[in-house]
Structure formats: C-alpha cells, structure tokens
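Examining the three-dimensional arrangement
This is what each chain is made of:
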Amino acid sequence: MMGSTTTTTTRDSSDPSSALTYTNPQSQSLSSSSSPITVSSDSFLNDPTTSSSHIGSASGSFQNDGLLTADTSGSNSDAEFGFSRPDFRSTQLVGTVDLYQRHVFLCYKNPQVWPPRIEAAEFDRLPRLLSAAVLARKSDMKKETRLTICEGHDGTETSNGDVLIFPDMIRYRRLTHFDVDTFVEEVLVKEGEWLPGTPETLKGSYIFVCSHGSRDRRCGVCGPALVSKFRDEIELLALQGKVSVSPCSHIGGHKYAGNVIIFGPNVKGEVTGHWYGYVSPDDVSALLELHIGKGEIVDRLWRGQMGLSEEEQKESQYQRLQLNGETNVGKDISELVQTQRALSNNGAIISSGDIMSCCQEYGSTSCCQTPAIPEKKYSFEDANNEKSKKVVVVTDKKKSNRNLLSRMNSGKGSSTRRVCSMPTWLESWEREDTYAALAVACAALSVAVAYSCYKQSR
C-alpha cells in the first residue's frame, strides 16, 4: 500500500552481532507487470548468500531515501569492531586480492542509506540493474571486472549516476537505469565509448575506503574514521584537486578493515590499483606521503594489486623486500602480535599501542634501542620530480624492528613494564659481570680486614 513503512532486519553473515535495521518510508507494492531479474552469485559483484531480487515499480533511478542505522550504542565499538579489536593486524595481508583487470565504480548516494546488498536491493534500481547487466555479460567481457558503489551527491564532482572506470581513468556522467544495457554493451563489452555521454579523463589519485557499515560493523566503524582523516590530511597538505577520497561499498575482506584502494599513476606513469588492509588513522599520512607522494608501496599494509594473481602479488612483494633489505614484513607483524599476547598472559604489561608504535613505527616517534632518523617533510611537487628516479633505501626503522623482535624472542627482560626499556644482551652481561667482580673484591677485602684484626688481637 502506498505510504506504508516497511521495516526489515538484516544481519551480516560474517558477524552475528551486527544486526541493523533498515527503514524505507517509500515502500510500494510490486507492479504485476514487473519482470524478475535474477542476480547470480559472484565473488566480485555479489555475495554468495544473496537471493534473487525483482524490479519494483518505483519510477526513478534514485528513489530510495530510507535510512540505515547501525547499532552504535555503548562505548566499546572501537574495542569490538574498530582499530583496537582483538583480530586487528592478526594475519598476513599479501595475496588477499582476487585477480581482476578493471574496476567500475557507480556513484550512488551514501553509506548511511546503503542496504547490506546494495547491488541487489529492491528499491535501488540503478545499482541493481547495472550489477545484473554486468553479470549477464561477464562471459563476453575481455577483462575481469569488479563493480563497487561509491558515494555520490548531486551538484558535486561525483553526482549520482556518475561512473568511474579504472585503470582507464575515465568518468561518464549521469547514467540512468534506462541506459544500463547500452552502457555495458558499448563500454564494458566492446570497450568503446558510450555515445550519449562523453568520457572525461580523470587526473590525480583516487582513494576509496570501504565504509559499508550495514554489511559489516568493522567497516562501519573503521571506514568513516579513515575517510575523515584522509580529508583532513588532504586539506592540510593542500592536495585538493590532486587527491580524491570517497567511501565505498563492500570490496571483500571485512576482517582486514580498514580497507583502502588507491588508484593512480606509478613512477612509470602506469595507472595501478593497490589494496591496503588493517589501515588505521595513524597510517593515513604514510599512504599520502609515501604511496601517492613518492610512489612507494607501504608493504606492511599491502594486500595486493589490480591485475596480479595471488601468487604474483606475493612474488611482487618478495622482490621489493629483497631490494629493500627486508624479507619477512608479514611474518614480523604476526610474530609481534603473538609475542604481545604471550607476554600479556605471563603478566607483562605491554599494550598493543606500545608494540605497534615502538616496533612498527605507526606513531611519530620511536623508543626502540636503535634511534630512528626523523622523517623529513617535503612538498608533493618535489616528490613528483623524484618519481622518475628509482631509489632503494634501507631505513633504520626496519633494522629496529628486527633488533627488537630478536630481543623479545630471547626471553630476557620479559618482566619489564615497557618494551623500550629492555637492555641488550651485551648490556646485561656487562652489568652482571661488574656486579660479580665487585662482590669478589668486597669479599677479598673483608677477608683481609678480618685476618688483620685477627693478627692484631694475638
């Protein structure tokens, strides 16, 4: 019935506690003339548990104005689902991106109104029809293609219905549900141009952060915080117009939240798409200054790359680490987490912040035994001029990581309250040897004094 309100409760299959309530004030009965479209299961475009959906009789492409509200009550959201959650940075990241060659983003509303399965939602006609069309023509496409929804606002740089395509670095404006089949045929299958629209060339770097809170609570907590931090840093570094950031829908790998994808030219001028996981707000400046500013991949957060298979991603990182004098970044992180938990069980008071900031340099300073050289501030204009030169640098930070890890595994100093105050084996040996020597000397002196007194008494 017109004007009625429909309320449904959805739950993320990957997190039983993430119940969300979706309210649509514009619910309408389905038209008897509506023809069903089955959205098949696909690891890129749909979740395997998504059931078939049907076209509603709503008249517009953007008719869904319902509100999706996550349960954010309580003060433990970050501890349970955010950057302090137990499984944060608990597994290796490299090789967790499925092979694909092209990424299509449809700009459509915002995460607050996205239902859990936005690509198959009954009342979101445009993303549902585009997803169905891409799936139907998937076998006819030369490139394996992903479809993701990103934020769109009418009257802004990214309006509702805009389509961004990477690595092509082009934008088509104002796609409607009437144009979906033609667009997919001409642009994605034939790899030509969509005649009703003129493709615009995209310049600079584009950052997408999974913020699909209705799909997974971890993304809902981590994503918005990262988007906010990126925007603050972009403004601080005066990168408006050069770097763009947008929240996006589910991209796969909820457990790696915060999930970030960065598209842009590399040092050779080739457009690449790099995936990062376990990103925290403290990592934002490193991604901007190193990845975008210098073209250097931040391997400790790197999940993989568009265009590479799982094995190729692992081999690519291995070769980079060999050049940089490091071979086990992922292993070091895993071992540090395990060591932290073991020490906590033994009664040592070491927080995750202590280990991350001291050993992996997530903070601005280092308290490890080997002092780190302060990072030099530079302009992005200078960094862009350096992109043509391939520079290999072995940093003191990586050496500090290995030194600290070896000291932690040695078992000495495990009862100290701070990791940074742990002495090296040499320092411990010198002190113990000195104390022993002093004890022997004092004992000898005591014997001599006693013997002297004994002789005098006779």
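In what follows, the accompanying structure is described. (Residues numbered from 1 in each chain as written. Predicted model: local features only at pLDDT ≥ 70, side-chain atom pairs only at ≥ 80, totals over all residues. Heavy atoms only, no water.)

**Quick notes on the nonpolar core**
Our working rule: Note on terminology: a nonpolar core comprises buried Ala, Val, Leu, Ile, Met, Phe, Trp, Tyr and Cys residues joined through side-chain atoms within 4.5 Å. A 1.4 Å probe rolled over the protein chains alone gives each residue an accessible area, and that area as a share of the maximum for its type sets the label: buried under 20%, exposed over 50%, partly exposed in between. Helix and strand labels come from DSSP, where a helix needs a run of H or I of at least four residues and a strand needs a run of E of at least two; each type is numbered from the N terminus. The contact criterion used is simple: two residues touch if any of their non-hydrogen atoms lie within 4.5 Å.
One finds Phe-166, Ile-207, Phe-208, Phe-230, Val-260 and Tyr-276 to be the most contacted residues of the largest nonpolar core, which totals 47 residues. Where this core is concerned, the elements lending two or more residues are strand E6 (102-107), strand E8 (163-166), strand E11 (205-210), helix H4 (217-236), strand E12 (243-248), strand E13 (260-265), strand E14 (271-276) and helix H5 (284-294). Looking at which element gives the most residues to this core, the answer is H4, with 6 residues. For Phe-166, the residues in contact, after removing those within four places along its chain, are Gln-101, Arg-102, His-103, Phe-105, Leu-202, Tyr-206, Phe-208, Phe-263 and Met-306. If you look at the next biggest cluster of nonpolar residues, it comprises 26 residues, including Leu-130, Ile-149, Phe-183 and Val-189.

**Brief notes about unusual backbone geometry**
That bond from Phe-166 to Pro-167 is cis: its omega, 10°, falls within 30 degrees of zero. For Pro-167, the location among the structural elements is in the loop between E8 and strand E9 (170-172). Of note, the bond from Ala-257 into Gly-258 is cis; its omega dihedral lies within 30 degrees of zero at 0°. For Arg-89, which is not glycine, the phi dihedral falls at a positive 60°. By the secondary structure assignment, Arg-89 is in the loop between helix H1 (77-81) and E6. Using a relative accessible area of 5% as the deciding quantity, one classes Arg-89 as buried. The phi dihedral of Lys-109 is positive, around 55°, even though this residue is not glycine. Inspection of the secondary structure puts Lys-109 in the loop between E6 and helix H2 (125-136). The exposure class of Lys-109 is buried, given its relative accessible area of 8%.

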